[in-house]
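Close look at the chain arrangement
Below are the chains, spelled out letter by letter.
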Amino acid sequence: MTNLADRVMVITGASSGIGAATAVACARAGMHVVLSGRDAARLTTVAGLIRAQGRQAESVPGDVTEPGFSARLLDTAEGRWGGFYAVFANAGYGFKRPLHETSDTELRAIFEVNFFAANTLLCEAARRLLAAGRPGHLLHCSSAVSKFTLPEFAAYSATKAAQNHAARAMNMELRPRGIFVSSVHPVTTRTDFFDRMNEDTGRPREGEKALAHVPGWLLQRPEQVAEAVVRCLRRPRPEVWTSPLTRLMAGLITIFPRGMDMLGRQAPQ
Ligand SMILES: NC(=O)c1ccc[n+]([C@@H]2O[C@H](COP(=O)([O-])OP(=O)(O)OC[C@H]3O[C@@H](n4cnc5c(N)ncnc54)[C@H](OP(=O)(O)O)[C@@H]3O)[C@@H](O)[C@H]2O)c1
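About the criteria used
- Residues numbered from 1 in each chain as written.
- Predicted model: local features only at pLDDT ≥ 70, side-chain atom pairs only at ≥ 80, totals over all residues.
- Heavy atoms only, no water.
- Helix = DSSP H or I, 4+ residues; strand = E, 2+ residues; numbered from the N terminus.
- Rg over C-alpha atoms; globule rule 2.2 N^0.38 Å.
- Buried < 20%, exposed > 50% of the residue type's maximum accessible area, 1.4 Å probe, protein only.
- Contact = heavy atoms within 4.5 Å.
- Areas by Shrake-Rupley, 256 points an atom, 1.4 Å probe, with all protein chains shown as cover.
- Lys, Arg positive; Asp, Glu negative; His and termini not counted.
- Charge placed at Lys NZ, Arg CZ, Asp CG, Glu CD.
- Core = buried A, V, L, I, M, F, W, Y, C linked by side-chain atoms within 4.5 Å.
- Near = heavy atom within 4 Å.
- Polar contact = N/O pair within 3.5 Å; in protein donor to acceptor, adjacent residues only side chain to side chain.
- Nonpolar A, V, L, I, M, F, W, Y, C, P; charged D, E, K, R; others polar.
- Arc of directions from axis to C-beta.

1. Some thoughts on the overall build of the chain
Along its length, the chain carries 9 helices and 9 strands. By the compact-globule yardstick of 18 Å for 269 residues, the chain fits well, its C-alpha radius of gyration being 18 Å. With respect to the principal axes defined by its C-alpha atoms, the chain has extents near 55 × 40 × 35 Å. Relative to its 269 residues, the chain shows a buried fraction of 51%. Long-range contacts, defined here as pairs at least 24 residues apart, represent 70% of the contacts in the chain between residues at least 6 apart. Per element, the accessible surface of the chain, about 12,500 Å² overall, is 55% carbon and sulfur. Taken together, the 32 basic and 24 acidic charged side chains of the chain have centroids lying 8 Å from each other.

Shown next, in the form of structure tokens:
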């Protein structure tokens, strides 16, 4: 089991939801944390929660798609603590619209944030760990919908599938050299995600109503995902699933795609 005390975690999308909860859970496990997100005020709040655990925090506000942003994040960890152990590429957003009504610009934009920025960060982190001869753990925040999709979620699911495949291949490439690579597959989680997605795609913010049609067994708190990430840092494994039933469903859907297509046609739009 990996002792996380005094190790350094770098997290994108740490200003809210799963990223903020993971930052706090990592601090509780003894880690120091580099936090990033565009909302500097929210980062300050999360940094305060980390310091309240007696751990250290550095905030790096900015957009993950800015050229050089990954290097700035990792430089911050190296400048303050001499290096980092783990990186969680978690920043991302949802997008809900039929694919034929999605513009190329919208499709490329979601890939820039969810896939390319995450991939750039984790690859840069891998090169630095290898050059320093240090062990490490890199994580993509993918999703349960990396393994199957739903109507209007093609663009989003495609980014999450890309993250999943990148993590699987990287784990095979890097694990023999002391670096674990995992993908995290949350199911529906109570965060700002759905309201932001509604806003971005021209729908009203709905708060709790946005989740009203989601069955209870498919709903979780961001803290549950955060605890699962910390467990994976302690005992590395390729994929982190917070709902075993959804994981089983994903397997069945792979074998029986027609079943998912039938269910998807009946899903509330
Ligand atoms: N909620 C779910 O049901 C669910 C399920 C499966 C997977 N996920 C994944 O979990 C991850 C976190 O989402 P969440 O549910 O915690 O939603 P959230 O509360 O909306 O958090 C998203 C985070 O990403 C950051 N972010 C978004 N675009 C960014 C950009 N261009 N540059 C920098 N930071 C950016 C946001 O920070 P700022 O606004 O401060 O920039 C925020 O901290 C995402 O990758 C999402 O796809 C969520």
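2. Topic: the side chain of T188
Tracing the backbone through its elements, the reader meets T188 in strand β7 (residues 188-189). By relative accessible area, which is 17% here, T188 ends up buried. Setting aside residues up to four positions removed in sequence, T188 forms contacts with F194, L211, V214, L218, L219 and Q220.

3. Description of the nonpolar core
Most often, soluble globular proteins keep nonpolar side chains buried together rather than apart. Core analysis: the biggest nonpolar cluster contains 34 residues, and M9, M31, L35, I50, F88, L139 and L233 have the highest contact counts within it. Among the secondary structure elements, those contributing two or more residues to this core are β1 (8-11), α1 (17-28), β2 (32-37), α2 (40-52), β4 (86-89), β5 (136-141) and α7 (222-234). Apart from the residues within four sequence positions on either side, M9 is in contact with C26, M31, H32, V33, V34, A86, V87, F88, L139 and L233. L73, A89, A118 and I179 belong to the second-largest nonpolar core, a separate cluster that totals 27 residues.

4. A short note on the site of the ligand
Around the ligand sit 30 residues in total, of which S15, R38, Y156, T189 and T191 are the nearest. Note that an oxygen atom of the ligand is positioned 2.5 Å from one of the side-chain N or O atoms of R38. Side-chain polar atom of R196 to an oxygen atom of the ligand: 2.8 Å apart, as the coordinates give it. Relative to its free-state accessible area of 880 Å², the ligand is covered by the protein chains to the extent of 97%. Counting residues per element, the shell around the ligand draws most heavily on helix α6 (residues 193-200), at 3 residues. Of the residues assigned to the shell around the ligand, the class counts are 11 nonpolar, 13 polar and 6 charged.

5. So, α6
Listing the buried residues of α6 in full gives F194, D195, M197 and N198. In an axial view of α6, the angular spread of the buried residues amounts to 160°, which keeps them on one side of the axis. Directly after α6, the chain includes G202, whose backbone phi takes a positive value near 75°.

6. Remarks on the environment of V214
Residue position: V214 is located in the loop between α6 and β8 (219-220). Its relative accessible area of 15% is what places V214 among the buried residues. When residues no more than four places from it in sequence are discounted, the contact partners of V214 are T188 and L219.

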